[in-house]
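# Structural description and commentary
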2 protein chains.
Amino acid sequence: MEHNSFLRFLFLTLALGLTLLLFTWLTFPHAPPSAAELLHCATNSPWCTSKNRFQTHQPNLLNNHHPNPTRRRSHEHDAPRHPLDPLTVREISRVRTVLSSHALFRASPYSLHSVELEEPEKSLVLGWRKGDPLPPRKASVVARARGASHVLTVDLTTDEVTVRRTGTHSGYPTMTMEDMTTATVAPLSSAEFNRTVVTRGVDLTDLACLPISLGWYGEAEEGRRLIKVQCYSMKDTVNFYMRPIEGLTVLVDLDTQKVVEISDKGRTIPIPKASNTDYRYSKIAEHNRVMNILNPISIEQPKGPSFVVEDEHLVKWANWEFHLKPDARAGVIISRAKVRDPDTGELRDVMYKGLASELFVPYMDPTDAWYFKTYMDAGEYGFGLQAMPLDPLNDCPRNAYYMDGVFAAADGTPYVRSNMICVFESYAGDIGWRHAESPITGMEVKEVRPKVTLVVRMVASVANYDYIVDWEFQTDGLIRIKVGLSGILMVKGTQYENTNQVPNQDNLYGTLLSENVIGVIHDHYITFYLDMDVDGSDNSFAKVHLQREKTSQGESPRRSYLKATKNVAKTEKDAQIKLKLYDPSEFHVFNPTKKTRVGNPVGYKVVPGGTAASLLDHDDPPQRRGAFTNNQIWVTPYNRSEQWAGGLFVYQSQGEDTLAVWSERDRPIENKDIVLWYTLGFHHVPCQEDYPIMPTVSSSFDLKPVNFFESNPILRIPPNVEKDLPVCRPAASA
Amino acid sequence: MEHNSFLRFLFLTLALGLTLLLFTWLTFPHAPPSAAELLHCATNSPWCTSKNRFQTHQPNLLNNHHPNPTRRRSHEHDAPRHPLDPLTVREISRVRTVLSSHALFRASPYSLHSVELEEPEKSLVLGWRKGDPLPPRKASVVARARGASHVLTVDLTTDEVTVRRTGTHSGYPTMTMEDMTTATVAPLSSAEFNRTVVTRGVDLTDLACLPISLGWYGEAEEGRRLIKVQCYSMKDTVNFYMRPIEGLTVLVDLDTQKVVEISDKGRTIPIPKASNTDYRYSKIAEHNRVMNILNPISIEQPKGPSFVVEDEHLVKWANWEFHLKPDARAGVIISRAKVRDPDTGELRDVMYKGLASELFVPYMDPTDAWYFKTYMDAGEYGFGLQAMPLDPLNDCPRNAYYMDGVFAAADGTPYVRSNMICVFESYAGDIGWRHAESPITGMEVKEVRPKVTLVVRMVASVANYDYIVDWEFQTDGLIRIKVGLSGILMVKGTQYENTNQVPNQDNLYGTLLSENVIGVIHDHYITFYLDMDVDGSDNSFAKVHLQREKTSQGESPRRSYLKATKNVAKTEKDAQIKLKLYDPSEFHVFNPTKKTRVGNPVGYKVVPGGTAASLLDHDDPPQRRGAFTNNQIWVTPYNRSEQWAGGLFVYQSQGEDTLAVWSERDRPIENKDIVLWYTLGFHHVPCQEDYPIMPTVSSSFDLKPVNFFESNPILRIPPNVEKDLPVCRPAASA
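Under an unreviewed UniProt entry, the name given to chain A is Amine oxidase, and the source organism is Trema orientale. Looking at the Subunit (unreviewed entry) heading of the UniProt record, one finds this comment for chain A: "Homodimer."

The structure is reproduced here in structure tokens:
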């Protein structure tokens, strides 16, 4: 061994040792945790260290009507009080105990990929009234053991375990957090990997690696759980995403955590510089003139919020009531959304269940280190698992209420994700409705109502991207579902420092954002599951088609007008809908058996906003897996097993269990319990404004009452008057 | 004359007399007004009585950093301080004096339809710096006299009058408020009209009539200024719109105010009942259980707003600066919008001028009393003329600043429209940008910035409809232009009381909303003029086309991806754009001579949101007039005379002077001073929730920087911290 090689070997060994040491230190608790600590931080969940927690700060003592968002809540004694309440800490512990002695798991290593409430049959939930005993509590568990996936039911009353599905499948369950974190250090066990990293000038201690789901591209990758790991340099910046080690991809076996293959193609591509990439205000303030350009502004409710959260999960606000819970896969689940009829005072069903079912994020670069990036964030990573504690005053306004999530680690230990969801009333200065008589009529009438809404928010940080998901409830009966994209781009290294160096025919697959940095074009699709129950479970779906109608000779001075024709969908294929600007329709979910006083069937319509459609080839492997984005709207008959648009086992799936496949069965959907699916889409051609961090881009769609109420339901809400508004003064620091 | 007939005649005469008396009383002041009063209320402007004014109320004394919105401001001594400042009270008076002795107007009746600043040549404005003398002030006047329309320039320094255009034209100027108000009482001079009204059971004193622009449908209506008047019963409700006297249409000559023709077709259709139509809170509270369901909520800025309005019209906020003025036709004009570069500190040009150029609102009912309803609200009614004083606390939040409009009455007398525009900072609890490191990487980073924006708002009440127009400026360089529709539907009377009475083949042209009330289907289009000057006047326009690219055999495991191709428009026809979900593009206005550090041309893109397209036959007379809605996007070379998308003289126009006609000239637009046009559209199929008043429906589009900045411009803005936020307590009434 030559001197140089020996030194390098010594360095690598030391570096590897140090890295592993650091990893071990981060991963394992230093001392046996207390019982309370266990609840908050599973011992085998490195990402849940005490350092990673929500920081407490000075609460606003004057807002004393309001739950204090900074108070850490103990969930040790939580008990379920509603049939849909999520599993409690005690219930998860019970599941863990029961399973640990079950034949499948005894005496062999296993991991639990999902431990969640098995919701009771819909009829039981619909029949349940407050005060009734709860239907039997059951847990639904997805586990890996003995090289296979298992779906089990654990009866929490009898401790009985039922295996509902077991064996090998084409897809795999959502990764555990442990899968992901251990995969990121797996490459360090490869000398080849370490050598190429160091050759590129990156210290192993500066490595930050990401676990990237690899999609499915044929036989070579079938039959075992795999992941691709790519790495970045975090030297001199927390924004390591801007410093890719381009072209280096490590294929890792998720079960053995062994390196399977290394693809090392970008050695000539420099690692982009760190300068101007750190986005932390504390760092920016060191080097730049900061802009203290905005005076303090806040939403104030000195009498406190107008909503209550009963029994931990039942939200009551204005004319709305719904059940709200965190979910490891979907992030947020809204159930039993009901709105109060202003005439009868009765609560009327609108939606049995609504959630973000799946995401699909294909990148548009077919080259070796990029082609496979076609994320399905909910089923692969767990949209809720990636939802971090919200930052009060910045993620949500000061008047927000916070809800924690209780999840299970891979070994079944329960832990608490603090402040995972916030609920707040929003007022942006907008107008709910108004009319002023015009000078033409001369009447002195002006009636205006400010628009105040209730927002439920969760933010999932799936590695670089931050998805802000809002469910916004309005007093006029409308529900707006809004998705905001922020966070950081996934960028590609390049040798180019200026567009003038790029040969004419060279395809960058994106935009040169800074020296040696390309923002790769990609799409985002978020598919929502909306089990509508408009005044009852059995509903129909109709397209109200707007078409140009030509007038006949002599009929009118007009030659044309728009006519609306209602076409009720009989089967699923009638409800596979691509939106068309020049062939528009409204899309109604209505109750054919319930009519308004003047005879219109009561309904809700889905109102698309700005969106994008997937243009990939339908036979392209990623589009087969993401085939639920082939239409913007689908309607399926309610089926307990059809909740995840990409399939239950999305990871490395081949697309046999998607919404598109279910819908092809073309089942009857008229006057049935139906589920509406809507996909919100974004094309993202990056630009320099997305560097080094992205301002939020949002889009939304609405669920809107259409002849659901006899008349506008908000006439009885009074306007603002000065005497009700708060008296405020600048804070003490002023 | 029989006894009965005599009684009826007596009654009619009395009723007519009373009505005229009432009208006269409302129209003319009771005593000679004082000089100050004159400024606020032109004697011949009945809609500007003291009763119609903004009501003062108790100001919030603690918000003493903030201009008091309730203070009536005197404009007697206003002086222009910027080349684009609107005409002042004194300047309008001067125009009036000069014109009254001009040959065209001396000794013959005349009316001024528009008196506004003739903006100086763009080069003069661009060259002007604060402290420089103003370019010569000129007024642009549109007048009717001696049966013709005249466009004049009045030089305010020399009193010189130049006639720029004179004679008869196919279209007519925007109606004066006097045209509209007098037209509404013109039918009362017809005994036939009065008789049919009384026969239908409506007292003449309960009549509320609307002046409805009649579009253009051929020769019979050419050669004279006409209007159609339709009436409603306001008995027992202020919401007379819900009580149409269906089928009764009176054609009135606008110049003579004589009835030309009466169409009386709906005698068998009952007038819908008044019950449950009044929307005033004071009335509703009398009869219903009201919903005091929301605790007070407000946007608070105890240190005052972060913006200043310099010299009455120059708004400076965060990194933005722009000139803001009211306009009788467009409502609001934003000029010289510039954004500060975070790196250089320099203010950079974004948009020279932006405004709502025209509206097109075709109703979809070809029958006698409805076919002609195809409003073009800006050019026919004056979008700004219909903008009423805003209601503080409800139309705009408590932290708003208000700006008055100064307009000219038909005789040239200046008057003040108080609180016509508001400007405020908005915070809805949204997130400007954020990133949290995920548990996968384990880094403890969470950076979040709340989204605070600046909103400029105007609300035009064009009879029944209320259009809320917001220009929203964001710190990331984005401008969002949002239009909200609220107010009241224009409804149709019908004999039907339930949908089960409607024969299968009967086309209602809308939805039965209540007994005897149909909400007629209609569209709304709002076309914006956006004179973009991205870092200078000469810009180009490009479609960045996203297309599926198939990979070649063996190139990649992927079969397809999206590729972006930039196509620069050479001439106008290259930039006539219909949006397509399945054939998407981005639309960039860029400066081909200015590049970022890495070589991207600096630009702004127009980002459509949800919208609708006009589907009427292109040869249909209304669509010929509204041909500017044939595409969603157009780009034209800058031309002083091309600002109003439907033509300068829109009233009864035949469509020869629209954006569509100009664009057909296919002029070069590459590297020129170009104007971008965007049309926002809505299809409105009414539903019962729109009765008796409509909750606001909004849509928007964005102007968004694209490689305009070197990087995200908002990194230097600090997050919220508790110590800066206000300390609030409930108001005294609590």
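Let's pick the thread back up.
### Section: the overall build of chain A
When helices and strands are tallied, chain A shows ten helices and 34 strands. Expressed as a percentage of the 734 residues in chain A, the buried residues total 66%. A separation of at least 24 residues holds for 68% of the contacts in chain A among residues at least 6 apart in sequence. Accessible surface computed for chain A: about 25300 Å², of which carbon and sulfur atoms make up 51%.

### Considering the state of the cysteines
Residues and elements named next belong to chain A. In total, this model carries five disulfides over all chains according to the counting rule given. Each disulfide pairs two cysteine sulfurs, and for Cys209 the partner residue is Cys231, the sulfurs being separated by 2.1 Å. The sign of the S-S torsion, about 105°, decides the handedness of the disulfide formed by Cys209 and Cys231: right-handed. Of this pair, Cys209 sits in strand β5 (residues 207-212) while Cys231 sits in strand β6 (residues 226-233); the two residues are 22 residues apart in sequence, bridging distant segments of the chain. Residue class for Cys209 comes out buried when judged on its relative accessible area of 11%.

### As for the relation of the copies chain B and chain A
Taken as rigid bodies, chain B and chain A are interconverted by a rotation of 180° and an axial shift of 0.0 Å, the fit giving an RMSD of 0.0 Å. Put plainly, the chains are arranged around a two-fold axis.

### Describing the pattern of salt bridges
With the rule as written, the count across this model stands at 100 salt bridges over all chains. Across the pair Lys228 of chain B and Glu221 of chain B runs a salt bridge, and its minimum N-O distance is 3.9 Å. Residue classification places Lys228 of chain B among the buried residues on the basis of a relative accessible area of 8%. Taking the relative accessible area as the measure of exposure, Glu221 of chain B reaches 12% and is therefore buried. When the shortest N-O distance is used, the salt bridge between Asp535 of chain B and Arg348 of chain B registers 2.5 Å. Separated by 187 residues along the polypeptide, Asp535 of chain B in the loop between β24 (522-532) and β25 (538-550) and Arg348 of chain B in strand β14 (residues 347-362) bring together distant segments of the chain. Of the two residues examined, Asp535 of chain B and Arg348 of chain B, each falls in the buried class. A network of salt bridges, in which partner residues are shared, links Arg81, Lys130, Glu310, Asp311 and Lys316 of chain A.

### Here's the deal with the pairing of β14 of chain B
All names here are of chain B. In terms of residue burial, β14 counts as a mostly covered element, since 15 of its 16 residues are buried. Direction of pairing for strand β13 (residues 331-340) relative to β14: antiparallel, over a ladder of seven bridges. Looking across to β14, one finds that Ile334 is bridged to Gly354. Here β14 runs beside β24; their pairing, made up of eight bridges, is antiparallel. Its bridge partner being in β24, Glu358 is matched across the sheet by Thr527.

### Observations concerning the UniProt feature "modified residue: 2',4',5'-topaquinone" (unreviewed entry) in chain A
All names here are of chain A. The sites that carry the UniProt feature "modified residue: 2',4',5'-topaquinone" (unreviewed entry) are, in the present numbering, Tyr465. Mapped onto the elements, Tyr465 comes out in strand β21 (residues 465-474). Taking relative accessible area as the criterion, Tyr465 reaches 3% and is therefore assigned buried.

### Remarks on the pairing of strand β8 (residues 259-264) of chain A
Two faces make up the sheet, and in a regular strand the side chains alternate between them. All names here are of chain A. Pairing analysis gives five bridges linking strand β7 (residues 248-253) to β8, with the strands arranged antiparallel. Among the inter-strand pairings, Leu248 is bridged to a residue of β8, identified as Asp264. Between β7 and β8, which follow one another and run antiparallel, lie five residues, and Gln257 among them has a positive phi close to 60°.

### Considering the domain arrangement of chain A
The domain architecture assigned to chain A consists of domain 1 (89-166), domain 2 (177-285) and domain 3 (307-437 + 444-722). Put simply, the middle of domain 1 of chain A and the middle of domain 2 of chain A, counted by C-alpha atoms, are 36 Å apart.

### Let's talk about the nonpolar core
Residues Trp471, Leu530 and Phe541 of chain A together with Trp471, Leu530 and Phe541 of chain B are the most contacted members of the largest nonpolar core, which totals 291 residues. Sequence-distant contacts of Leu530 of chain B, that is, excluding residues within four places in its chain, are made with Met351, Lys353, Gly354, Trp471, Ile481, Val675, Leu676, Tyr678, Phe701 and Leu703 of chain B.

### A word on the UniProt feature "domain: Copper amine oxidase N3-terminal" (unreviewed entry) in chain A
In the numbering used here, UniProt assigns the "domain: Copper amine oxidase N3-terminal" (unreviewed entry) feature to residues 173-272 of chain A. A helix fraction of 18% and a strand fraction of 26% characterise residues 173-272 of chain A, whose end C-alpha atoms lie 36 Å from each other.

### So, the interface of chain B and chain A
Contacts between chain B and chain A engage 201 residues on the former and 202 residues on the latter. Surface buried jointly by chain B and chain A totals about 18000 Å² across both partners, of which 58% is contributed by carbon and sulfur atoms. Summed over the three residues of chain B that lose the most area to chain A, namely Ile297, Ile440 and Arg558 of chain B, the buried surface amounts to 5% of that side. Residues Lys550 of chain B and Asp617 of chain A are paired through a salt bridge, measuring 2.5 Å at the closest nitrogen-oxygen approach. The dominant element in the side of chain B that touches chain A, judged by the number of residues it contributes, is strand β17 (residues 414-436) of chain B, at 13 residues. Of the residues contributing to the side of chain B that touches chain A, the split by class is 100 nonpolar, 55 polar and 46 charged. Relative to strand β9 (residues 298-300) of chain B, strand β9 (residues 298-300) of chain A runs antiparallel, the two being bridged by three bridges. From the neighbouring strand, Glu300 of chain A faces β9 of chain B, where its bridge partner is Ser298 of chain B.

### Examining the packing of aromatic side chains
Going through the model one piece at a time under the given rule, you end up with 54 aromatic pairs over all chains. Where Tyr363 of chain B meets Tyr375 of chain B, the ring centres are 6.0 Å apart and the plane angle is 85°; that geometry is what we call edge-to-face. In this pair, Tyr363 of chain B sits in the loop between β14 and β15 (374-375) while Tyr375 of chain B sits in strand β15, placing the two residues twelve residues apart along the sequence. Each member of the pair Tyr363 of chain B and Tyr375 of chain B is classed as buried. A centroid spacing of 6.2 Å and a plane angle of 75° characterise the contact between Phe407 of chain B and Tyr415 of chain B, whose relative ring orientation is edge-to-face. Taken together, the aromatic side chains of Tyr363, Trp370, Tyr375 and Tyr381 of chain A make up a single cluster linked through ring pairs. Lying over the aromatic face of Phe708 of chain B, Arg348 of chain B brings its terminal NZ or CZ to 3.8 Å of the ring centre.

### Notes on the environment of Val406 of chain A
Residues and elements named next belong to chain A. Inspection of the secondary structure puts Val406 in strand β16 (residues 401-408). Take Val406: its relative accessible area is 17%, and that puts it in the buried class. Taking the C-alpha atoms as reference points, Val406 and Ala148, separated by 258 residues in sequence, lie 26 Å from one another. Discounting residues that sit within four places of it in the chain, Val406 has contacts with His75, Leu87, Thr88, Val89, Ile92, Tyr415 and Val416.

### With respect to the sheet that holds strand β1 (residues 110-117) of chain B
All names here are of chain B. Here four strands make up an open sheet; going across it, the order is β1-β2-β3-β4 and the pairing antiparallel. Every interior strand has two partners, whereas the edge strands, β1 and β4 (161-167), have only one. Neighbour-to-neighbour, the strand axes of the sheet open up by a mean angle of 20°, direction not taken into account. Looking at chain direction, strand β3 (residues 148-155) and β4 are connected through six bridges and run antiparallel. Residue Ser149 lies in a different strand from β4, and its bridge partner there is Gly167.

### Overview of helix α3 (residues 89-100) of chain A
Side chains of residues three or four places apart in an α-helix project in the same direction, reflecting 3.6 residues per turn. The end-to-end C-alpha distance of α3 of chain A is 17 Å, a good match for the 16 Å that twelve residues give at a rise of 1.5 Å each. Turning to α3 of chain A, its buried residues are Val89, Glu91, Ile92, Val95, Val98 and Leu99 of chain A.

### Structural notes on the environment of Trp471 of chain B
Residue and element names in this part refer to chain B. With respect to the element layout, Trp471 can be found in strand β19 (residues 465-474). Residue Trp471 is classed as buried on the basis of its relative accessible area of 1%. For the pair Trp471 and Leu355, spaced 116 residues apart in sequence, the C-alpha to C-alpha distance is 9.6 Å.

### Overview of unusual backbone geometry
The omega torsion across Tyr691 of chain A and Pro692 of chain A is -5°, close enough to zero to call that bond cis. Structurally, Pro692 of chain A can be placed in the loop between β32 (672-684) and β33 (694-706). A positive phi angle, close to 50°, is found at Asp311 of chain B, a residue other than glycine.

### With respect to the confidence of the model for chain A
All names here are of chain A. The share of residues in chain A with pLDDT of 70 or more is 89%, and the mean pLDDT across the chain is 90. Low pLDDT, under 50, characterises residues 5-67; the stretch is placed with 98 contacts to residues that sit more than four places away or in other chains. Here the prediction assigns the complex a pTM of 0.93, and the interface score ipTM is 0.92.

Reading guide: rules and limits
Residues numbered from 1 in each chain as written. Chains lettered and ligands numbered in written order. Predicted model: local features only at pLDDT ≥ 70, side-chain atom pairs only at ≥ 80, totals over all residues. Heavy atoms only, no water. UniProt positions renumbered as here; feature names shortened; annotations may be inferred. Helix = DSSP H or I, 4+ residues; strand = E, 2+ residues; numbered from the N terminus. Buried < 20%, exposed > 50% of the residue type's maximum accessible area, 1.4 Å probe, protein only. Contact = heavy atoms within 4.5 Å. Areas by Shrake-Rupley, 256 points an atom, 1.4 Å probe, with all protein chains shown as cover. Disulfide = S-S within 2.5 Å. Least-squares fit on C-alpha atoms with pLDDT ≥ 70 in both. Salt bridge = Lys/Arg side-chain N within 4 Å of Asp/Glu carboxyl O. Pairing = 2+ DSSP bridges. Domains from an automatic or database assignment. Core = buried A, V, L, I, M, F, W, Y, C linked by side-chain atoms within 4.5 Å. Buried area = accessible area lost by both parts, 1.4 Å probe. Nonpolar A, V, L, I, M, F, W, Y, C, P; charged D, E, K, R; others polar. Phe/Tyr/Trp six-rings, centres within 6.5 Å; stacked < 30°, edge-to-face > 60°. Lys NZ or Arg CZ within 6 Å of the ring centre and 35° of its normal. Axes fitted to C-alpha atoms, helices over the stretch in contact; angles between N-to-C directions. Expected span 1.5 Å × (residues − 1). pLDDT = per-residue confidence, 0-100.

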